[in-house]
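Observations on the three-dimensional arrangement
One letter stands for each residue in the lines below.
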Amino acid sequence: MNHAPPDAFDKWGSFLQSGLHNESALFNHALEYCSGKSPATVAIFLRWIRDPFVNDDKHISEKTKARLANIAAALDWSPPPPVKFWKKPSRRIVLFTDFFSVANPRFHIEVLESILLAASTSANTTARDGQLFVALQSIRSQEPGSAQIVAQALARIDPDAAIWFRLTPSREELVAVRRCAKILPVVVIHGDRLQYPDPVVAHVLPVHDDIGTTVERWARHAFPTRTTDVKVVIAAMPSDEQRPDYPAMPGRGRTSLRQERIEKVSDGLKKAGVTGIVHYVPNYMAGEAYDLLQRHGDAAGFVCLSDELAVAMRQLLMAHRSDAVRPILGFDGSELARRHGIASLNQHIPRIGTYAVTAITSAVRYLRENDGRLPGFHEVGIPVELARWAV
């Protein structure tokens, strides 16, 4: 400590007389006075010790970090964990999603409705009145400037938790969350299959394991007298798989949910002895049905990975009268499929919101009971099952 500035001990004595003697303040001021560094520099150093992921060596030099680390060791003092969570809960969740290029608007809206309903009726742990409020923030994830949008939204909305819906949060976006004034649990809904780091506590996603078997049973029932000439078109969007910032989940070759379901459907048709042909569409809206029928007018049936597209195909075929019997399988299990009697691979949309809000409230409870530590990351799977409805 012989390298401390000359006025260090005088400053320390004055500080002790001030009566501000909580553990965090003692350690912060000791580092500040003994090193001669500014409070801002000491604060950056302490954040780096607690969370190297956030402070990526760009804020202070290696020399300054080494000097502060030596002083901390000489003081035989470990920095206390940050106290920055749930003191004054805002009862708000911020939900990040892409409203600019929504591939399946009906599914998007129904999932958002399920989240809003779950939040409004949740007996949550952040407020005694049992209601959470959801603020929507549009973002194009992993594009330049997205991390800044996240940071600005967190500062403006002051949420208690965050959701990424149909987006995969980038490393920089999660850094923005971790720099927030309080610890925020994050839940991802229908992102890529990755091992997300803190502060992500859960990933709510569809389980595709049984899709192949389900599609095989559907095809065997739909085409009881199969021949090699039976062609079924799979209407799907191209894979949205990107170069990930985090490792894939163990045992999962695919990280893209879109690509995984295409492969599962194709495999099920193949096992049923039916020829599956993938037709890529730019989106899952009804407007794509006409082009699909024009290009594949000879198809024996269709598997549309969207209920809206499946219903549009059914209506076009009914307009042709003689073609109305062609089997069609949708995807989502939406109210639209129910109203029109379309068989659909059901994602159980109401459960998505319930499971997401439950994951958040559980993480809040864990935070409060474990000194600000987040629970470990886990996946929350919702099995995709066949739903048949009659009009």
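Residues numbered from 1 in each chain as written. Predicted model: local features only at pLDDT ≥ 70, side-chain atom pairs only at ≥ 80, totals over all residues. Heavy atoms only, no water.

1. A look at the overall build of the protein chain
- Helices and strands together make up the secondary structure of the protein chain, namely 13 helices and 12 strands.
- Summarising the internal contacts of the protein chain: among those between residues at least 6 apart in sequence, 72% fall at separations of at least 24.
- Per element, the accessible surface of the protein chain, about 18,700 Å² overall, is 51% carbon and sulfur. (Helix = DSSP H or I, 4+ residues; strand = E, 2+ residues; numbered from the N terminus. Contact = heavy atoms within 4.5 Å. Areas by Shrake-Rupley, 256 points an atom, 1.4 Å probe, with all protein chains shown as cover.)

2. A look at helix H8 (residues 211–222)
- For H8, which comprises 12 residues, the first-to-last C-alpha distance of 16 Å matches the rise-based estimate of 16 Å (1.5 Å per residue) to within 8%.
- All of the buried residues in H8 are Ile 211, Gly 212, Thr 214, Val 215, Glu 216, Trp 218 and Ala 219.
- Summarising the contacts, the buried residues of H8 are in contact with helix H9 (257–271), strand E8 (301–304), strand E9 (328–332), strand E10 (343–346) and strand E12 (385–387). (Expected span 1.5 Å × (residues − 1). Buried < 20%, exposed > 50% of the residue type's maximum accessible area, 1.4 Å probe, protein only.)

3. Comments concerning unusual backbone geometry
- Following Asp 198, the chain continues to Pro 199 via a peptide bond in cis, the omega torsion being 10 degrees.
- Inspection of the secondary structure puts Pro 199 in the loop between strand E4 (186–189) and strand E5 (200–207).
- The residue Arg 166 is not glycine, and still its phi comes out positive at about 55 degrees.
- In this model, Asp 332 sits at a positive phi of 135 degrees, which is unusual for a non-glycine residue.
- Position of Asp 332 relative to the elements: it lies in strand E9.
- For Asp 332, a relative accessible area of 4% gives the class buried.

4. Quick word on helix H5 (residues 105–121)
- Between its first and last C-alpha atoms H5 spans 24 Å; for 17 residues at 1.5 Å apiece the expected length is 24 Å, and the two agree.
- Every buried residue of H5 is accounted for by Phe 107, His 108, Glu 110, Val 111, Leu 112, Ser 114, Ile 115, Ala 118 and Ala 119.

5. Focus: the pattern of salt bridges
- Taken as a whole, this structure holds 9 salt bridges when the rule is applied.
- Residues Arg 106 and Glu 308 are paired through a salt bridge, measuring 4.0 Å at the closest nitrogen-oxygen approach. Residue Arg 106 is found in helix H5, and its partner Glu 308 is found in helix H11 (residues 307–319); the two are separated by 202 residues along the sequence.
- Residue Glu 308 is classed as buried on the basis of its relative accessible area of 17%.
- Residues Asp 158 and Lys 182 are paired through a salt bridge, measuring 3.3 Å at the closest nitrogen-oxygen approach. (Salt bridge = Lys/Arg side-chain N within 4 Å of Asp/Glu carboxyl O.)

6. A closer look at the confidence of the model for the protein chain
- Of the residues in the protein chain, 83% have a pLDDT of 70 or more, and the chain-wide mean is 84.
- Confidence, read as mean pLDDT per element, is least for helix H1 (residues 8–18) in the protein chain (71) and greatest for E4 (98).
- Low pLDDT (under 50) marks residues 53–57, which in the prediction has 13 contacts with non-local residues, meaning those over four places away or in another chain.
- Note that pLDDT drops below 50 for residues 124–129; the model gives that stretch 16 contacts with residues more than four away or on any other chain. (pLDDT = per-residue confidence, 0-100.)

7. Focus on the environment of Gly 297
- Counting through the fold element by element, Gly 297 comes out in the loop between helix H10 (289–295) and E8.
- Owing to a relative accessible area of 39%, Gly 297 belongs among the partly exposed residues under this scheme.
- Along the backbone, Gly 297 and Leu 317 are 20 residues apart, and their C-alpha atoms lie at a distance of 9.8 Å.

8. A word on the sheet that holds strand E7 (residues 275–280)
- Read from one edge to the other, the open sheet built from 6 strands follows the order E7-E6-E8-E9-E10-E12, with strand pairing classed as mixed. Every other strand in the sheet has two partners, leaving E7 and E12 as the edge strands with one partner each. When strand polarity is set aside, the average angle formed by the axes of neighbouring strands in this sheet is 25 degrees.
- One ladder, built from 4 bridges, connects strand E6 (residues 231–236) with E8; its direction is parallel. Counterpart to Ile 234 in the pairing with E8 is Val 303.
- Against the sheet, H9 makes contact with E6, E7, E8 and E9, and its axis sits at roughly 170 degrees relative to E6, the strand it touches most. (Pairing = 2+ DSSP bridges. Axes fitted to C-alpha atoms, helices over the stretch in contact; angles between N-to-C directions.)

9. Examining the packing of H8 against H9
- At a closest axis distance of 7 Å, the pairing of H8 and H9 adopts a crossing angle of 40 degrees. Classed by the angle they form, the pair H8 and H9 counts as oblique. Here H8 and H9 pass one another in a crossing that is right-handed. Here Ile 211, Gly 212, Val 215, Glu 216, Trp 218, Ala 219 and Arg 220 of H8 lie close against H9, whose contacting residues are Arg 261, Lys 264, Val 265, Gly 268, Leu 269 and Lys 271.
- The class makeup of the residues in the contact of H8 with H9 is 6 nonpolar, 2 polar and 5 charged. (Parallel < 35°, antiparallel > 145°, perpendicular 65-115°, else oblique. Left-handed = near helix turned anticlockwise from the far one by under 90°. Nonpolar A, V, L, I, M, F, W, Y, C, P; charged D, E, K, R; others polar.)

10. Here's the deal with the nonpolar core
- Formed by 43 residues in total, the largest nonpolar core has its most connected members in Leu 269 and Phe 302.
- Those residues within four positions of Leu 269 in sequence are excluded, and the remaining contacts are Val 215, Trp 218, Ala 219, Val 232, Ile 234, Val 274 and Gly 276.
- In this structure, Leu 112, Ala 161, Phe 165 and Ala 359 belong to the second largest nonpolar core, which totals 30 residues. (Core = buried A, V, L, I, M, F, W, Y, C linked by side-chain atoms within 4.5 Å.)

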